[in-house]
Amino acid sequence: MEKKVIVVGGGAAGMSSASRIKRLRPDWNVKVFEKTSWVSHAPCGIPYFIEGLCGEEDLMYYSPEFFRRERGIDLHLNSEVIEIEEGEARIREERGERKYSWDYLVLANGSSPILPEIDGIELEGVFTLHHPEDLRRISSPLEKCRESVIIGSGYISVEIAEALLSRGKRVTLIARSNRVLRKSFDKEITAPLEEEMRRKGVNLRFNEKTIEISGENRVRKVITDKGEYEADLVIVAVGTRPNVELAKQIGAKIGKTGAVWTDEKMRTSVEGVYAAGDVAETRNLITGKRVWIPLATTANKMGFVAGSNISGMNVEFPGVLGTQITKFFSLEIGKTGLTENECKENGLEFISKTIKARTKAHYFPGGGEIKVKVIAEKETKKLLGIQAIGEEILPRINSFAVALYSNLRTRDLFFSDLAYAPPFSPVWDPLVVASRVLGID
Ligand code: FAD
């Protein structure tokens, strides 16, 4: 029998769940409501748009027409879901408000940037960069900008710092924390990144609290508890929070992380209602604890799983390892699994080693250096995490993620038959060396 599905949000999670349902149940009526004019968009590309490496239009993977024509999805753009109740949703569309009925509902309405309570945050020239739609307003101020300030020290701040420097802007980064990427990495891994950021000209201001953004209409200055910084462009990137208001309206349980609670099938606590992507929490695969790690890879897979289960399949989303990677110019930084801090917070007895290695055979031109920190359980030598900084870190992080997913021990990683030839790695790959120094007994 034909079913009606409503998907709230046309980002990664929403479009993968809608596409999956139409593939498995072509006769079902699948409506996606997206409050902007963007669909299947790529917020991850925003820093590279700012840097000038791609156009705004490149940040849409597939066009609305593609979803309508090729996938048969009833896509409503500029349509905001404003209320949901059992079997019905109220939508604010261009031609007015309307109600639509549903048998299944997918909450894929993402997250929103946190706006700290700072005087002057509403001034012209102050931006958050969360959705490609935010880019419309920034192009002209970006052209004119000479002095920029970034508030926040997460990966988006690092990426935006590179972008602004590349565009010839002066960059000051202000953070309340004592270092960049503090939540995701240990100190010895972020130290070389900070060194490189300073070397390239970023004015890093740690342990500073922003108290005011000042100017008349337009921003002129950022004032902290320790100083004042000229600014004609300010990017606020202090984190995000899940959009849980609609979930609360329908009575769905909100988890300890503040995001929507879901089980492995991406079902919420309300029958027929699923949640996927940034709006939903999941489980850490190592600790088993509930976590909220909003990333695009996860959003796509959660959407796929929600769509599969709605269509009658039996697919589980097992959880995440917190795998992530970013870069500042040619310096790459990435991790998967737990950091030393996270091991301590979880009461785990661990051993850790940090090594430096070449990324290619020592005689092969173009090789770089990589610093790798590996962590394993003290008794069992079960792998717990890796952090790396340097060049060509992706294959190392990704291989380690598979090892973690498979519950491998140091010995297993050491004897994994990794590929080698001089242009690609040293004969003792950094991963093999790292597992050996942790002990392969
Ligand atoms: P979104 O992509 O936020 O989509 C949600 C959609 O729902 C939005 O289009 C919104 O307009 C719509 N919506 C919200 N409320 C309503 C409503 N009531 N009615 C209708 N529509 C609504 N992740 C990575 O893995 N790697 C990266 O390198 C990376 N870089 C990033 C860089 C930046 C600058 C940013 C901001 C994010 C980055 N991310 C990255 C995170 C990634 O973009 C998100 O995790 C991902 O977009 C989440 O997808 P989603 O579908 O859950 O939410």
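Check the entry above for the structure.
This structure is a prediction, so every number in the text was calculated from the model and none was measured. Every chain is numbered on its own, with residues counted from 1 as its sequence reads. Two thresholds apply to this predicted model, a pLDDT of at least 70 for residue-level local features and 80 or more for giving and counting side-chain atom pairs, whereas whole-chain, interface and lining totals are computed over all residues. Heavy atoms throughout the structure, all of them, feed into the side-chain values; hydrogens and water do not.

Novice: I would appreciate a short explanation of empty space enclosed by the protein in the present structure.
Specialist: Summary: where empty space remains is shown by rolling a probe the size of a single water molecule over the atoms. Residues are said to line a cavity or pocket when one of their atoms sits within 4 Å of a point; the points come from a 1 Å grid over protein atoms alone, cavities being sets where a 1.4 Å probe fits but cannot get out and pockets being open sets with protein on both sides within 12 Å along at least five of seven lines. Grid points are joined across faces, edges and corners, and a volume is the space filled by probe spheres set on the points. Within this structure, the stated rule accounts for three cavities of 30 Å³ or more. The calculated volume of the largest cavity comes to roughly 60 Å³. If you trace the largest cavity, you find it lined by Thr262, Asp263, Glu264, Met266, Glu281, Thr282, Arg283, Arg290, Phe317 and Pro318. For the lining of the largest cavity, the residue count by class is three nonpolar, two polar and five charged. Approximately 40 Å³ is the volume found for the second largest cavity. Contributing to the lining of the second largest cavity are Gly277, Asp278, Ala280, Thr282, Val291, Trp292, Ile293, Pro294, Leu295, Thr298, Ala299 and Met302. In this description a helix means any DSSP run of H or I spanning at least four residues, a strand means any run of E spanning at least two, and both kinds are numbered starting from the N terminus. In terms of residues, the lining of the second largest cavity owes the most to one element, helix 8 (residues 296-310), which gives three residues. For the lining of the second largest cavity, the residue count by class is eight nonpolar, three polar and one charged. Residue type decides the class: Asp, Glu, Lys and Arg count as charged, Ala, Val, Leu, Ile, Met, Phe, Trp, Tyr, Cys and Pro as nonpolar, and the leftover types, Gly among them, as polar.

Novice: Quick question: what am I supposed to make of the nonpolar core here?
Specialist: Generally speaking, nonpolar side chains in soluble globular proteins are found buried as a group. Ranked by internal contacts, the top residues of the largest apolar core, which has 50 residues, are Val5 and Leu107. Examining the composition of this core, we find that five residues originate from one element, helix 8, more than from any other. Once residues lying within four places of it in the same chain are set aside, the contact partners of leucine 107 are Val8, Ile84, Leu246, Ala247, Val273, Tyr274, Ala275, Ala276 and Val279. To define a nonpolar core, start from buried Ala, Val, Leu, Ile, Met, Phe, Trp, Tyr and Cys residues and group those joined through side-chain atoms within 4.5 Å. In this scheme, a residue with accessible area under 20% of its type's maximum is buried, one over 50% is exposed, and one in between is partly exposed, where area comes from a 1.4 Å probe on protein chains only. If you look at the next biggest cluster of nonpolar residues, it comprises 36 residues, including Leu135, Val158, Phe185 and Phe328. We call two residues in contact whenever any of their non-hydrogen atoms come within 4.5 Å of each other.

Novice: Looking at this model, I keep getting lost on the packing of aromatic side chains. Mind explaining?
Specialist: In this description, a pair of aromatic rings is defined by centroid distance and the angle of the planes. Any two of the Phe, Tyr and Trp rings considered here, Trp counted by its six-membered ring, make a pair once their centres fall within 6.5 Å; the pair's planes then place it as stacked at under 30 degrees, edge-to-face at over 60, or tilted in between. Inspection of the entire model under this criterion finds nine aromatic pairs. When the ring of phenylalanine 33 is compared with that of tyrosine 100, the centres are 4.9 Å apart and the planes differ by 50°; the resulting orientation is tilted. Here tyrosine 100 lies in strand 6 (residues 96-101) and phenylalanine 33 lies in strand 2 (residues 29-33), a separation of 67 residues in the sequence. By relative accessible area, which is 1% here, phenylalanine 33 ends up buried. Geometrically, the ring pair formed by tyrosine 62 and phenylalanine 66 is stacked, given 4.4 Å between the ring centres and 15° between the ring planes. Relative accessible area serves as the criterion here: at 38%, tyrosine 62 is assigned to the partly exposed category. Look at phenylalanine 66 and you get partly exposed, because its relative accessible area is 21%. Aromatic rings pair up to connect Trp28, Tyr104 and Tyr274 into one cluster. Lysine 200 extends its terminal NZ or CZ atom over the ring of phenylalanine 329, reaching a point 4.5 Å from the ring centre. By the criterion adopted, a ring carries a charge over it if an Arg CZ or a Lys NZ lies within 6 Å of its centre and within 35 degrees of its normal.

Novice: I tried to follow unusual backbone geometry on my own but got confused; where do I start?
Specialist: The general pattern is negative phi for most residues beyond glycine and trans for most peptide bonds. A positive phi angle, close to 45°, is found at serine 40, a residue other than glycine. Its relative accessible area of 8% is what places serine 40 among the buried residues. Positive phi, normally seen in glycine, also occurs at lysine 381, with a value near 65°. Along the polypeptide, lysine 381 turns up in the loop between strand 24 (369-377) and strand 25 (383-390).

Novice: Where do I start with the sheet that holds strand 16 (residues 233-236) in this structure?
Specialist: Strand pairing within a sheet occurs via backbone hydrogen bonds; the two strands may be parallel or antiparallel. Should DSSP find at least two bridges between two strands, the strands are regarded as paired. If you trace the five strands from one edge of the open sheet to the other, you get 9-16-10-11-12, paired in parallel fashion. At either margin of the open sheet sits one strand with a lone partner, and together these are strand 9 (126-127) and strand 12 (203-205). Note that strand 9 and strand 16 share two bridges and pair parallel. Considered in strand 16, the bridge of phenylalanine 127 is made with isoleucine 235.

Novice: Would you take a moment to explain the sheet that holds strand 15 (residues 228-230) for this structure?
Specialist: Here three strands make up an open sheet; going across it, the order is 13-14-15 and the pairing antiparallel. Two strands in the sheet have a free side with no partner beyond their single neighbour: strand 13 (210-214) and strand 15. The average undirected angle you get between the axes of adjacent strands in this sheet is 20°. Of the strand pairs in this sheet, strand 13 and strand 14 (residues 221-224) are connected by four bridges, and their pairing is antiparallel. Note on strand 14: the bridge partner recorded for threonine 210 is threonine 224. A fitted line through C-alpha atoms serves as each axis, taken over the contacting stretch for helices, and the angle formed by two N-to-C directions is quoted from 0 to 180°.

Novice: Looking at this structure, I do not really get the layout of surface pockets. What am I missing?
Specialist: In this structure, the second largest pocket occupies an estimated 310 Å³ of space. Of all the secondary structure elements, the ones that give two or more residues to the lining of the second largest pocket are helix 6 (187-199), strand 24 and strand 25. With four residues, the single largest contributor to the lining of the second largest pocket is helix 6.

Novice: When you look at helix 8 in this model, what are you seeing that I'm missing?
Specialist: The periodicity of an α-helix, 3.6 residues per turn, causes residues three or four positions apart to be oriented the same way. An expected span of 1.5 Å times one less than the residue number is assigned to each helix. Taking 1.5 Å of rise per residue, 15 residues should cover 21 Å, and helix 8 covers 21 Å from first to last C-alpha, within 8% of that figure. For helix 8, the full list of buried residues reads Thr298, Ala299, Met302, Gly303, Val305, Ala306, Gly307, Ser308, Asn309 and Ile310. Buried-residue contacts for helix 8 involve strand 1 (4-8), helix 1 (12-24), strand 7 (104-107), strand 18 (273-275) and strand 19 (282-283). Glycine 312, located one to two residues past helix 8, shows a positive phi value of around 105°.

Novice: Explain the pattern of salt bridges here, please?
Specialist: Think of it this way: side chains of opposite charge can pair up when their charged atoms draw near. A carboxyl oxygen of Asp or Glu within 4 Å of a side-chain nitrogen of Lys or Arg is what we treat as a salt bridge. Taken as a whole, this structure holds 28 salt bridges when the rule is applied. Across the pair glutamate 70 and arginine 69 runs a salt bridge, and its minimum N-O distance is 3.7 Å. Each member of the pair, glutamate 70 as well as arginine 69, is classed as exposed. Where lysine 373 meets glutamate 340, a salt bridge forms, and the shortest distance between an N and an O atom there is 2.6 Å. Residue lysine 373 is found in strand 24, and its partner glutamate 340 is found in helix 9 (residues 340-345); the two are separated by 33 residues along the sequence. The residues lysine 373 and glutamate 340 share a single accessibility class, namely buried.

Function cannot be read off these values alone, since they describe shape.
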